[in-house]
Amino acid sequence: MLGVKRAAAAATALVLLSLPQSAQAQQSGGTAPPPSAPAAPSTNAPAAPSGPADATPVPVQQLPEVQVIQAQPKPPAPRQIQQAAKPKPVAPVTQPAPIAPIEQDTSGAEPTQVKMSPVGGSEIPIAKVPGSVNTVSSSDIARGGFTAVQNVLETQVPGIIVNDLQGNDFQTNVQFHGFEASPVNGVPQGLAVYENGVRINEAFGDIVNWDFIPAIAISDIAVTTNNPAFGLNALGGSVNITMKDGFNFQGVETDFRAGSFGRIQGSVQAGQQAGNYAAYIAVEDIHDDGWRQFSPADIRRMFADIGFKNHDAEFHANFTGADNFVGAVAASPVELLDQSYSAVFTNPQTTQNDMAMGSVNGSVNVTDTLKVSGVSYYRSFRQHHVDANASDAAPCSGDPALLCFDGDPLFDQRGNPVITPANGDQAVGEIDRISQQAESYGGSLQAVQKAKVWGHGNQFLVGASIDHGRVGYQTSAEIGSFGPQFVVTGDGQIVQNSDIEPVNITTTNTYYGVFFSDTFDVTDRLSLTAGGRFNYADIRLKDNTGEAPELNGNNKYQRFNPMAGGTYQLVPGLTLYSGYSEANRTPVAAELACADPNNPCLIESFLTGDPPLKQVVSRTAEVGFRGESTWLDGRKMTWSLGYFHAMNSDDIISVASAINGRSYFQNAGNTLREGVDASIDYRNDRLYLFASYNFTDARFESTFDVNSPNNPLNPSPGNDFITTVRPGDRMPGVPQHRFKAGFDYWMTQKWKFGGDLIAASDQIFFGDDANQNAPLPGYAVVNLHTSYDVTKNVQVYALVNNIFDHHYATYGNYFNIEDASAASLGTIDFTDARTVTPATPLAAYGGFKVRF
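Residues numbered from 1 in each chain as written. Predicted model: local features only at pLDDT ≥ 70, side-chain atom pairs only at ≥ 80, totals over all residues. Heavy atoms only, no water.

On to the overall build of the protein. Along the backbone of the protein there are seven helices and 45 strands. Taking the intrachain contacts of the protein between residues at least 6 apart in sequence as the baseline, contacts between residues at least 24 apart amount to 69%. (Helix = DSSP H or I, 4+ residues; strand = E, 2+ residues; numbered from the N terminus. Contact = heavy atoms within 4.5 Å.)

In this section: the packing of aromatic side chains. For any two aromatic rings, the description comes down to two numbers: the centre-to-centre distance and the angle of the planes. Enumeration according to the criterion identifies 20 aromatic pairs in this entry. On the numbers, 6.3 Å between centres and 80° between planes, the contact of Trp454 with Phe520 is edge-to-face. Placement of the pair is Trp454 in the loop between β23 (429-449) and β24 (458-482) and Phe520 in strand β26 (residues 503-521), with a sequence separation of 66 residues. Overall, Trp454 belongs to the exposed group, its relative accessible area being 77%. (Phe/Tyr/Trp six-rings, centres within 6.5 Å; stacked < 30°, edge-to-face > 60°. Buried < 20%, exposed > 50% of the residue type's maximum accessible area, 1.4 Å probe, protein only.)

The topology assignment puts Thr507 in strand β26. Beyond its immediate chain neighbours, meaning those up to four positions away, Thr507 contacts Phe204, Gly469, Arg470, Val471, Arg540, Leu541 and Ala589.

Right, let's get into the side chain of Asn711. Among the structural elements, Asn711 can be located in the loop between β37 (704-707) and β38 (722-725). Residue classification places Asn711 among the buried residues on the basis of a relative accessible area of 3%. A polar contact is formed between the side chain of Asn711 and the side chain of Asn773, at a distance of 3.1 Å. In contact with Asn711, not counting residues within four places along its chain, are Phe721, Thr723, Gly767, Asp768, Gln772, Asn773 and Tyr814. (Polar contact = N/O pair within 3.5 Å; in protein donor to acceptor, adjacent residues only side chain to side chain.)

This part is about the state of the cysteines. As used here, a disulfide is simply a covalent bond connecting the sulfur atoms of two cysteines. In this structure the tally under the stated criterion is one disulfide. Covalently, Cys396 is tied to Cys404 through a disulfide, its sulfur atoms 1.9 Å apart. In this structure the cystine formed by Cys396 and Cys404 twists about its S-S bond by roughly 100°; its chirality is therefore right-handed. With relative accessibility at 10%, the residue Cys404 sits in the buried group. (Disulfide = S-S within 2.5 Å.)

Turning our eyes to something else, we now look at the sheet that holds strand β20 (residues 394-395). Taken in spatial order, the three strands make up an open sheet running β20-β21-β22, and their pairing is antiparallel. The two strands at the open ends of the sheet, each matched to only one other strand, are β20 and β22 (408-409). Here β20 pairs with strand β21 (residues 403-405) via two bridges, running antiparallel. Bridge pairing links Pro395 to Leu403 in β21. (Pairing = 2+ DSSP bridges.)

This brings us to the sheet that holds strand β43 (residues 809-814). Ordered by their spatial adjacency, three strands build an open sheet running β17-β44-β43, and the pairing between neighbours is antiparallel. Looking at strand neighbours, the two that pair on one side only are β17 (332-333) and β43, the edges of this open sheet.

With that settled, the discussion passes to the nonpolar core. If you look at the biggest cluster of nonpolar residues, it comprises 65 residues, and the most contacted ones within it are Leu153, Trp210 and Ile241. Beyond its immediate sequence surroundings of up to four residues, Ile241 is in contact with Val193, Tyr194, Glu195, Asn196, Trp210, Ile213, Ile218, Asp220 and Ile221. Of all hydrophobic cores here, the second largest spans 25 residues; its members include Val334, Ile431, Ile817 and Ala833. (Core = buried A, V, L, I, M, F, W, Y, C linked by side-chain atoms within 4.5 Å.)

Glancing now at the pairing of strand β31 (residues 616-630). The sheet contact formed by strand β29 (residues 574-585) and β31 spans twelve bridges and is antiparallel. Bridging from a neighbouring strand, Leu576 pairs with Phe625 of β31. As judged from the 14 bridges shared by β31 and strand β32 (residues 636-649), these two strands associate in the antiparallel manner. Counted as the bridge partner of Phe625 is Leu641 from β32.

Okay, the pattern of salt bridges next. If you walk through the whole model with that rule in mind, you get 24 salt bridges. The salt bridge involving Asp633 is made with Arg635; its shortest N-O contact spans 2.9 Å. Classification of Asp633 as partly exposed rests on a relative accessible area of 40%. Asp762 is paired through a salt bridge with Arg730; the nearest N and O atoms lie 3.1 Å apart. Placement of the pair is Asp762 in the loop between β40 (751-760) and β41 (779-789) and Arg730 in the loop between β38 and β39 (737-746), with a sequence separation of 32 residues. Accessibility expressed as a relative area gives 15% for Arg730, which makes it buried. Because the salt bridges share partners, they merge into one network encompassing Glu674, Asp697, Arg699 and Glu701. (Salt bridge = Lys/Arg side-chain N within 4 Å of Asp/Glu carboxyl O.)

Before going further, it helps to spend a moment on unusual backbone geometry. Each neighbour pair has its own omega, and for Asn347 with Pro348 the value is 15°, a cis peptide bond. The topology assignment puts Pro348 in the loop between α5 (334-339) and β18 (349-365). If you check the backbone angles, His177 has positive phi at about 55° while not being a glycine. Here His177 shows up in the loop between β6 (173-176) and β7 (179-181). With phi around 55°, Phe294 is a residue other than glycine that occupies positive phi space. Tracing the backbone shows Phe294 in the loop between β14 (277-288) and β15 (297-309).

What follows is the structure in structure tokens.
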């Protein structure tokens, strides 16, 4: 991480050098509060984008200014930019001073534009997008005090729910319409995720490390569907994150928080504009002891940006860096949790993540209607994962003092026979270590032409992208002994043979894409869109030991994915949309190297030579309505209702093996995800309300056999148990019903109080694809937040999560009860094969913000 720290120091120095000695804090996207009596404080953010927080107000009530999804080109003339920085007289008594100068706007109007590709310059009005669009603003993040991107997405987007496979709040899965973006290798990745136009699905398994993204540095997020321009993995859609810069954030804000489970965190963000130049930096440092045993987390991350903008061009150079350690304690048997809700099954389980990414993006107005935009990047990712498990190694039948695997003697790194560890006659422990060193780079270039065609409005987009990744991947298994609390202590013996011998491979993947789209205004009410993308993927694996040539392989995939749709304005404020699109996901290296049921891999670890997997193709159709109503007194209501139908062919699933802790991947025929999204929000000068509902029916559409060795119905636990999956069986891990609601209410001009509800119905356990057992129960959780403005620059706040201390789980699986009972060293005799990841109980935090 020395390179990350040096880069961070350099970025910090550049920002500080560019900042004037005094700067009034300002956040774009908000407007000054409308005139109101003291008893009716405004819900609007304090800082108008055209001046400092104490700017002279307009003496009439106004609707909140529209906040565009990405950093749109602001009025670029130097004269205008300089005017935005000039202080203005103090507001007269006819309008109170801003009551929440620290927060961003929690009640601003929905953005009116969204990108049609990952790169800026491709925006069209949301009203013309032939698919569902959900947006999250920086004010939404500040509203709930979110430190994890996943949690604000879960609160604000109807179709998103968060699942926790790792047992750590910073490394959870984002699931949208039954498609996932997860930090866990082995989870089928069905969402494409971008940061400032850069694809951040990692090179080896297309995983998404959400913990790398500083929450305070996010300007906005757009979750869209039905658009193949976002490339591979966009089966269920895309998550496009735009970060802040010095053009849309000025000033300095510090935030300190402390609370339950040893949580201590601090953050600072600073930005300033000077003429055509601007700089911004954000740093977050979070420590948490963890509420479960052995589950601490240390999160250190930053983002910095330097930009230039004038009438004809805009360029940005930015850096994202992270140095994170998390205790990923995973699922625990339900019988163990009955004894202690914070109990952990097998330890140590830790992950060290380090990342540094630099990127340059820009756009040039070639003519009044033609814009050329692009982005290039370099990303370095290092991960070291330690995972303790029960081993399948056992004392040899001929000599119990030595260990065997499947009857064959094991040998260590020195060529000596592996000796049976302490308590090995009851259970043998194993510490698996998985490391990867990934480097990726690439870029995208596009042109957008907005000239009229036959007198009609039209936007034509054409572009190309290339992403290249190279990954070194190593695994090893150290024999150890079980102790109290299922802690495994290694004895230094690294196994050198059998299925758990060390692996050292290099993988490379190169993804090429060419995309286009055209949105044509047939009339002022009807717009039609058509386009597509051609994807080509070249994935190669190479064994570096010379002992496993079967791992060597070269896999190539290609496909053209079309899209078509339209929107029609039925009446002012009500739009109908409909669209169809296709997308594909190629098998990643981790799946290609682990697809043989006769040679299963240790989960997220060991690799073998395997038969090839087919690429996954999704075909999605959508239809829905978007509506908006406004009143002269400033009240506003927006709503949406949509239906989606996504059929995947040759879907890839992970299948458990009879060998403890191992699995393999297979194509599972067709799967279907269909359902309904509905949302509504209302706001006036004092109250903000929102509610949403999602129904997602995710089910298998093909008949196939799958092994479920740890299934509770298996009469011989741990041995092969073949179950038959039939059309109509629900897919594991996907709740059918999701409901969210929330509010903010200004008790006085300085005191705000709010809360959120998130509820989800039951879900099928992983390992029960045939739906033979009772599902994991649903849940409902309530979170509250409040804040008080001590002065216009100082705010104190409090957060209470899971206010009713509800015990529930968001992920469930099965485990080998016989091996687990042995690992307990006689302290517990497991009879229930269910294992779940418990959710965080009641937690309270308090903090303060200072802004100047």
